[in-house]
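Coordinate inspection notes
So you can see what is in the structure, the chains are spelled out below.
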Amino acid sequence: MFADLEPRAPDSILGLMDRFRADDRPDKVSLASGVYVDESGVTPVLDTVREAEARILAEQTTKVYKPIGGDPAYNGPVRDLVFGADQPALADGRVQTVHTPGGTGALRVAGDLISTIDPTASIWLSTPTWPNHPQVFSAAGLPLRTYPYLGHDGELDVDALLGVLRAIPAGDVVLLHACCHNPTGIDPTAEQWELIADAVTEAGALPLLDFAYQGFADGLVEDAKGLRALLARERTMFVASSFSKNFALYDERVGALSIVGADADETATLLSHAKAAIRSNYSTPPAHGGEIVATVLADPELTERWIGEVGTMRDRINGNRARFVEGLRAAGAPGNHEALLRQRGMFSLLPLGEERVARLRDEFGVYVVGAGRVNVAGLTTDNLEPVCQAITAVTS
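Note that this is a predicted model, so its numbers are computed, not measured.

Parameters at a glance
Residues numbered from 1 in each chain as written. Predicted model: local features only at pLDDT ≥ 70, side-chain atom pairs only at ≥ 80, totals over all residues. Heavy atoms only, no water. Axes fitted to C-alpha atoms, helices over the stretch in contact; angles between N-to-C directions. Helix = DSSP H or I, 4+ residues; strand = E, 2+ residues; numbered from the N terminus. Parallel < 35°, antiparallel > 145°, perpendicular 65-115°, else oblique. Contact = heavy atoms within 4.5 Å. Nonpolar A, V, L, I, M, F, W, Y, C, P; charged D, E, K, R; others polar. Expected span 1.5 Å × (residues − 1). Phe/Tyr/Trp six-rings, centres within 6.5 Å; stacked < 30°, edge-to-face > 60°. Buried < 20%, exposed > 50% of the residue type's maximum accessible area, 1.4 Å probe, protein only. Lys NZ or Arg CZ within 6 Å of the ring centre and 35° of its normal. Salt bridge = Lys/Arg side-chain N within 4 Å of Asp/Glu carboxyl O. Pairing = 2+ DSSP bridges.

1. A closer look at the packing of helix 2 (residues 47-59) against helix 11 (residues 288-298)
Following both chains from N to C, one finds helix 2 and helix 11 inclined at 105°, their axes separated by 9 Å at the closest point. Between helix 2 and helix 11, the angle is such that the two are roughly perpendicular. The segment helix 2 lies against helix 11, with Thr48, Val49, Ala52, Glu53, Arg55 and Ile56 engaging His288, Glu291, Ile292, Thr295 and Val296. Class assignment of the residues belonging to the contact of helix 2 with helix 11 gives a composition of five nonpolar, three polar and three charged.

2. Side note on helix 8 (residues 190-203)
For helix 8, spanning 14 residues, the distance from its first C-alpha to its last is 20 Å, which sits close to the expected 20 Å at 1.5 Å a residue. Along its buried surface, helix 8 packs onto helix 7 (158-166), strand 5 (173-177), strand 6 (206-211) and helix 9 (225-231).

3. Describing the packing of aromatic side chains
Applying the stated rule across the entire model yields five aromatic pairs. Centroid distance Tyr74 to Phe243: 6.3 Å. Interplanar angle 80°. Geometry classified as edge-to-face. Of this pair, Tyr74 sits in helix 3 (residues 72-83) while Phe243 is found in the loop between strand 7 (237-242) and strand 8 (254-260), placing the two residues 169 residues apart along the sequence. With respect to class, Tyr74 is no different from Phe243; both count as buried. Centre to centre, the rings of Phe247 and Trp306 are 4.4 Å apart; their planes meet at 20°, and the pair counts as stacked. One end of the pair, Phe247, is in the loop between strand 7 and strand 8; the other, Trp306, is in helix 12 (residues 300-331), with 59 residues separating them in the sequence. Each member of the aromatic cluster is reached from another via a ring pair, and the members are Tyr74, Phe243, Phe247 and Trp306. If you follow Lys28 out to its NZ or CZ, it ends over the ring of Phe20, 4.4 Å from the centre. The ring of Phe347 has Arg373 lying over it, and the distance from NZ or CZ to the ring centre is 3.8 Å.

4. A word on the pattern of salt bridges
Tallying each qualifying case throughout the model produces 19 salt bridges. Close ionic contact of Arg25 with Asp23 constitutes a salt bridge, the shortest N to O distance being 2.7 Å. In this structure, Lys66 engages Asp71 in a salt bridge whose closest nitrogen and oxygen atoms are separated by 3.4 Å.

5. Some remarks on the pairing of strand 2 (residues 95-101)
With five of seven residues buried, strand 2 is to be regarded as a mostly interior element. In terms of strand pairing, strand 2 meets strand 8 through seven bridges, oriented antiparallel. When the bridges of strand 8 are listed, His99 appears paired with Ala256.

The quantities given are spatial measurements derived from coordinates; they are silent on function.
Below, the structure written as structure tokens:
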């Protein structure tokens, strides 16, 4: 039955990492994978994570299944972290959170939920967006549409963005990057978020926020400004969040889907449908990573230390971005360096194109994604200058 089956192309990011690992050049540089690394090039295990794991190991008495939606000891603190514990919507019962396998799992549950409730709904994605977004939502059966985001000048094209958002059919879904836009690193300002929230509300569209990088732009609270602008409109919305980055729990697959209903009754109904989607997909969430997060967030002292660790990672990323801009200028690379400096999060999208990206990889051993997505967190003292010289060589 599989005689005529053709092989699929490798994943655009994970397949590239396979190619990087097979490259035997000692000076190769990966700026492709979406992971944080320290100055030594290692993705560290956070100290708070180690301490939480030690407590779990010492106290654990069972490996029994978690509930379909996850453990309340995880869901409650995660909801408070994502939205802010002081939000009235939490006290009113309008916000409920379920534990998912990573942020990608949260997106897929949201896609399945939307597809089941309204098979006619389309989902609107920014141009560009994370390469896995189209795959996840296509697999869930949602038709894909796009809205403009990146302007020709390397800045957010807010006028074009708002024009399309206002015209989206009521009932369609708009996926918005809550912070650290992947792949551009370009985030709306607080004022622009208010305009975006108004446009989505005016259109009657359903917002779905991808909140994968909370704490990596300006701070855990500051990075939720877009979410809070939408929450203030008191409309139904979904939020997919992840602890891969801010807890460095990449291989534990720890995420959450939060459902915000127009009222508590609508939230409860949507939650029941989300649990049905989960049950038919992966049944119950994996335990260990969620227990780590719950342990840290349940202990005020551990929480404060974790917040400090997030700040250390954020400061390194922002410092790398500044050093990257300085290095590109010193090497004579063309481009809008001021725009690059204003970007946030691990990624920037350089205007390279596929041919230059291929040259970077083949001639210089520098791996970036797609047409030019660079992970600035992968830069170190040792590789910064060679990377800047290689970029200059292929762009001059």
